[in-house]
Every structure is written in C-alpha cells, then in structure tokens.
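# Understanding the architecture of this molecule
Each chain is listed here by its residues.
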Amino acid sequence: MQEKIRKNRESIPIQKNQEYIVEIIDQGMDGEGIAKIEQFTIFVPNVLIGEKVKILIVKVLPTHAFAKAIEIIVPSPHRVKEDCSSYPRCGGCNLRHMDYETTLDFKQNKVENILQKTFGKEKIKVQKTIGMGNPYYYRNKAQYPVGQDKNGELIWGVFAERTHTIIPIRDCKIQDEQSEQIAYAIYQFLKSKKITAYDETKQIGYVRHIVIKIGKNTQEIMCIIVVNGKELPYQQELVDMLVQRFSHIKTIIQNCNTKNTNVILGTENHILHGDGYIFDILGDYTFKISPMSFYQVNPVQAELLYNLAIEKAELTKEDIVFDLYCGIGTIGIFAAKYVKKVYGIEIIEQAIADAKENAKINQIHNIEFFAGDVEKILYKKLLEKNIFPDVVIVDPPRRGLDNHTVQNLLAIEPRKIVYISCNPATFARDIQVLTEKYEIGEVQPVDMFPFTSHVECVAVLELKNYQ
Ligand SMILES: C[S@@+](CC[C@H](N)C(=O)[O-])C[C@H]1O[C@@H](n2cnc3c(N)ncnc32)[C@H](O)[C@@H]1O
C-alpha cells in the first residue's frame, strides 16, 4: 500500500508551490478553469477557456490539483475587467471576469453536461439560458455578517468564499443599493454605542447578522437584526435612527438566534417597528412577505419563470394543480386563473400564513394551502382524500425531491409535471427516476442569479401514453 502511494505520488507531474504555464481547456461546475499537465487535472479559479495562464500550484491531491492564476499571458476575448473590489474573495459572485453573454452560455453548458452524464449524449435538449436585460443590482435580499477583527474592531461585510472570515463589501453589483446603505448605517450605530458583535468561537456578544429584504416593485423595506438573545442595547434609538434616515423602511425585526449554527435566522422574531412584513408586486399580484418566508431573490426573473412554467404546463379550466414547495403561494396564485383548483404545500408555517393572505389580497378563491413536509402530507392532506392532480408543479430546495414524493408522483400519474429547479444535479437525478413514466421535454435555463455559477431551470415532463 505504502509503495503504491509512493508510486502514485511519483507519477504526479506537478509540485506544490511551483509555477507552470498552461492553457485552460475546460470549465468546472462553478466556472473554474480546468488545465491539464500530462493528463493530470488542475483547477484554476477566475480564468476562461482558451486562456494561456501562468499558475502557481497551491494544493496537490492524488487525482487533481488546485492552482491560482498569477498572470494571464493570453486573455480570452470573453474576459472583462472585474467591476467589484471584493471580487473574487467574496463568495457572492464567481463569474465577474466573464462577459455576460458568456456566463449565459456557461450556464447552458453546465445544465447540458449534467444531463449528459445522467442520460447520455443529446438525449435532452437544453435551450439557451434566458438572461436579464440589466443583470445588475437585481437581488432583493441581503445578509451581512457582523463580527470583530483581530484587533477587536467591529466589522461587517460578507463571508469570504467557503470561510467565516468577514471581508468588507462596498458597491456590491448584485444587491439593491439600499441594502448596503442601511447595513452601513446600522454598523456605524453599533460602533458608536460600542455594541458588540457575536463571537462564533466564544459564543458571546450581541449582533450576528443584518438581513435586508426589499420589495423591488413597492420599495418597501424589511430590516432584520439577528441578535444572540432577546436583549439589544439602545434598541429604540437604533429604530428611530433607521426610520428617520430611510423612509422606505416599513418594518424592523429583531430575530433571536442563540444557537451555535450556520443558519442565519433563529425561530423567534420581535417586531420593533411596523407590522412585521412587507409587500411586493409581481405581475398582476401583490405578495405579503414575512421574515421567515422564502421569496425568490430576483423578482424580474421570478416573474418570467412563473409565466414560462405556466405557459409550458398548457393548463386548462378543468385542471386540478398541485403547487408543491409553494413558499408564499406565488406560482399557484399565478396559475389559479387558468385552472379549476390549486392546492399548495409548503413546510414553513409563516409562509403558508402569508400564502393564505396572499390568496385573499389577490381575490383568488380557487386555491387552498397546507403547511407541512411534502414528503409526509401530500398523501395525508390530498391523495388520501381522493384529491388527484392533472398537473403538478414542483419547485423544491437545492436537495431536490425526496424519494417518497417521486414515488407518489409516479403512482398518481399527473398528466404533466412541471419541474422548476435551482440545482441541475438533483434535477437530473429526479427526472431520471420519473422517466419510468414520463417523457422529458426541453429544459429551459433561466438566469436567476447573474454573475454567479448558479442556474435555475424549468422543464415539463409529460405522461407517456396519456389518452
Ligand atoms: C425554491 S423555494 C420555492 C418557493 C416558491 N415556489 C417560490 O417560487 O417562491 C422552495 C420552498 O420549499 C420549501 N420546502 C423545503 N423543504 C420542504 C419540504 N420538505 N416540504 C415542503 N416545503 C419545503 C422551502 O421553505 C421553500 O419555500
């Protein structure tokens, strides 16, 4: 064994801390460049296919290595000047060195490659990614960690990629600009009052995160201050300052999170100002958004995605539709006017409370919502009561569908399944199982998260031999 490891090591054609000149021949799932030296794979972030690059090897593993680019010798015509001072350290974007059109091609290729690995070559057609006219400042939700630097000074910003090191962020190109202004004002206030940040290792101190949600089409702002406990010194002064300086702030919430966890929000909220929620408008509809409810972070593309999903579903007035993983009921509410009845299921109780109110606000009477885990309550609340769908829309989190739900879908055989996914890997896994009874139509990627390597896609699965 020892001998085998030694031999393997000897056959590795590169060494740590050595420089090499390579050509970038491919791209990985997160947009990182791939080079080969004597067939040995090296991953190099922030480089583009076709570039000739001087690299420094930073880590060598038995099967591949990681390097950083120290000089771009021959740049790609698709390289653009990076427009953010926190890039690439910040984990928010990873494609800011690429022109926008190329990022869209990259996302289409990414989905194609994943599907090819599962289904073989050219079995499923992947359309060109639908991009944004203006792919800047698109996000409606920002989450800024607050901490102390090594001198004990209060800092705020974003986590450097794959770490909990806070780095400063200024003029982020994907967030609504107001988020940063509000977070900076809170930071200055905390600093002036010497209010401490939460220390992850010692688990002491007050403020953990500042979370800002903005209704892009109403300009209503929710500000959430995540605190390690119920107490926040100078709380009223902070609220007064924010409301006075930022007239769009409709509600301020103190969220208590005392757990030693990476999850940003705790389960307990205290309303410090306003009603505890904001509204946004998507298409013809108004949506109430609470602190714990999921709401798509890019409303321009969300509206496009919902309309696309509904168009692809070819709904009829006789259809019963299930909207699984429905959040605050957005897709179901968009679909309701085309069908007989919609049933939505979502695990977060507060989101279901919002969904029910959203149906009322928008005067949608043919929709019903249930709070609970799709895996557990799809059968109990609907199937057991002989309520069966003609069309099922699923929009699960990144982990995709659980096996039980996939089996339920195969058993009840809806005419169509519209699968909306934010993770092509779990999407491919799930639709492969569903091919037992379904034909997969073309897959449409949508650029929900410009300049990041993430991609949303939607596909319609049609029941084979449907009469
Ligand atoms: C990608 S979001 C989609 C939400 C909604 N369709 C939209 O467009 O706003 C996924 C949703 O699934 C919910 N969720 C996660 N796991 C769930 C489960 N096991 N059962 C039901 N809902 C779940 C999340 O809370 C989240 O609201």
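Refer to the structure printed above.
Residues numbered from 1 in each chain as written. Predicted model: local features only at pLDDT ≥ 70, side-chain atom pairs only at ≥ 80, totals over all residues. Heavy atoms only, no water.

Time to look at the overall build of the protein chain. When its secondary structure is counted, the protein chain shows 10 helices and 23 strands. Along the first, second and third principal axes, the C-alpha atoms of the protein chain reach 65 × 65 × 45 Å. Taking all 467 residues of the protein chain together, 53% fall into the buried category. Sequence separation of 24 or more characterises 65% of the internal contacts of the protein chain that already satisfy a separation of 6 or more. (Helix = DSSP H or I, 4+ residues; strand = E, 2+ residues; numbered from the N terminus. Buried < 20%, exposed > 50% of the residue type's maximum accessible area, 1.4 Å probe, protein only. Contact = heavy atoms within 4.5 Å.)

All told, the structure shown has 14 aromatic pairs when counted by the stated rule. Note on Tyr 184 and Tyr 187: the rings are 6.1 Å apart at their centroids and 25 degrees apart in plane angle, and the pair reads as stacked. Within this pair, Tyr 184 and its partner Tyr 187 are both found in helix α3 (residues 177-192), separated by 3 residues, close to a single helical turn. You can call Tyr 184 partly exposed: its relative accessible area is 36%. (Phe/Tyr/Trp six-rings, centres within 6.5 Å; stacked < 30°, edge-to-face > 60°.)

As a further point, take the pairing of strand β20 (residues 391-394). Because side chains alternate across β20, one face comprises the buried residues Val 391 and Ile 393, and the other comprises Val 392 and Val 394, equally buried. Note: strand β17 (residues 320-324) against β20, 4 bridges, orientation parallel. Each residue of the ladder has a partner; that of Asp 323, found in β20, is Ile 393. Of the strand pairs in this sheet, β20 and strand β21 (residues 416-421) are connected by 4 bridges, and their pairing is parallel. Its bridge partner being in β21, Val 392 is matched across the sheet by Ile 417. (Pairing = 2+ DSSP bridges.)

Right, let's get into the site of the ligand. Of all residues adjacent to the ligand, which total 18 residues, the nearest are Tyr 306, Glu 346, Asp 373, Val 374 and Asp 395. Glu 346 places a side-chain nitrogen or oxygen 2.6 Å from an oxygen atom of the ligand. Take Asp 395: an N or O atom from its side chain is 2.9 Å from a nitrogen atom of the ligand. When the free accessible area of the ligand is taken as 600 Å², the share hidden by the protein chains comes to 92%. Residues that form the shell around the ligand fall into these classes: 10 nonpolar, 4 polar and 4 charged. (Near = heavy atom within 4 Å. Polar contact = N/O pair within 3.5 Å; in protein donor to acceptor, adjacent residues only side chain to side chain. Areas by Shrake-Rupley, 256 points an atom, 1.4 Å probe, with all protein chains shown as cover. Nonpolar A, V, L, I, M, F, W, Y, C, P; charged D, E, K, R; others polar.)

On to a nonpolar patch on the surface, then. Together, Ile 21, Ile 73 and Val 74 make up an exposed nonpolar region whose accessible area comes to about 240 Å². Relative to the helices and strands, Ile 73 is located in strand β6 (residues 64-74). (Patch = residues over 30% accessible without salt bridge, like charges linked within 9 Å, V, L, I, M, F, W, Y side chains within 5 Å. Salt bridge = Lys/Arg side-chain N within 4 Å of Asp/Glu carboxyl O.)

All right, on to α3 then. Taking 1.5 Å per residue, 16 residues should reach 22 Å; α3 reaches 23 Å between its end C-alpha atoms and fits that length. Taken together, the buried positions of α3 are Gln 178, Ser 179, Glu 180, Ile 182, Ala 183, Ala 185, Ile 186, Tyr 187, Phe 189 and Leu 190. Buried residues belonging to α3 abut β7 (141-148), β8 (154-156), β11 (207-214), β12 (221-227), α4 (235-245) and β13 (249-256). Structurally, the start of α3 carries an N-cap: the backbone nitrogen of Gln 178 is 2.9 Å from a side-chain oxygen of Asp 176. Phi turns positive, to about 55 degrees, at Lys 194, one or two residues after α3. (Expected span 1.5 Å × (residues − 1).)

Turning our eyes to something else, we now look at empty space enclosed by the protein. In this structure the tally under the stated criterion is 1 cavity of 30 Å³ or more. In this structure, the largest cavity encloses a volume near 60 Å³. If you trace the largest cavity, you find it lined by Cys 84, Ser 86, Tyr 87, Cys 90, Cys 93, Arg 96, Ile 169, Cys 172, Lys 173 and Ile 174. A per-class count over the lining of the largest cavity returns 7 nonpolar, 1 polar and 2 charged. (1 Å grid on protein atoms, 1.4 Å probe; cavity = no way out; pocket = protein on both sides within 12 Å on 5 of 7 lines; lining within 4 Å. Points joined across faces, edges and corners; volume = space filled by probe spheres on them.)

For Lys 107, the position within the fold is in helix α2 (residues 100-119). You can call Lys 107 buried: its relative accessible area is 0%. Within the structure, the side chain of Lys 107 is placed 2.9 Å from the backbone oxygen of His 454, a separation counted as a polar contact. Other than its neighbours up to four places away in sequence, Lys 107 contacts Leu 95, Thr 129, Asp 447, Phe 449, Pro 450, Phe 451, Thr 452, His 454 and Val 455.

This part is about the sheet that holds strand β2 (residues 26-27). Think of a sheet as strands paired side by side through backbone hydrogen bonds, with each pair either parallel or antiparallel. Taken in spatial order, the 6 strands of this open sheet run β1-β5-β6-β4-β3-β2, and their pairing is mixed. In the strand order of this sheet, the two ends are held by β1 (19-23) and β2, each with one partner. Where strand β4 (residues 40-44) lies against β6, 3 bridges are found, and the strand directions are parallel. When the bridges of β6 are listed, Ile 42 appears paired with Ala 65.

On to helix α9 (residues 403-412), then. Within α9, burial applies to Thr 405, Val 406, Asn 408, Leu 409, Leu 410 and Ile 412. Looking at the packing, one finds that the buried side of α9 touches β17, α8 (374-382), β20, β21, α10 (424-434) and β22 (438-446). For α9, the capping residue at the N-terminal end is Asp 402, with a side-chain oxygen 3.1 Å from the backbone nitrogen of His 404.

Our focus in this paragraph is the environment of Asn 362. Topologically, Asn 362 is positioned in the loop between α7 (349-361) and β19 (367-371). Taking relative accessible area as the criterion, Asn 362 reaches 14% and is therefore assigned buried. C-alpha of Asn 362 to C-alpha of Thr 286: the two residues are 76 residues apart in sequence and 6.6 Å apart in space. Setting aside chain neighbours within four positions, we find Asn 362 in contact with Asp 284, Tyr 285, Thr 286 and Ile 333.

What follows deals with the environment of Thr 251. Relative to the helices and strands, Thr 251 is located in strand β13. For Thr 251, a relative accessible area of 0% gives the class buried. Put simply, Thr 251 and Phe 159 are 92 residues apart on the chain and 26 Å apart in space, counted from C-alpha to C-alpha. Look past the residues within four positions of Thr 251 in its chain and what remains in contact with it is Ile 221, Met 222, Cys 223, Ile 271, His 273, Gly 274, Asp 275, Gly 276, Tyr 277 and Ile 278.

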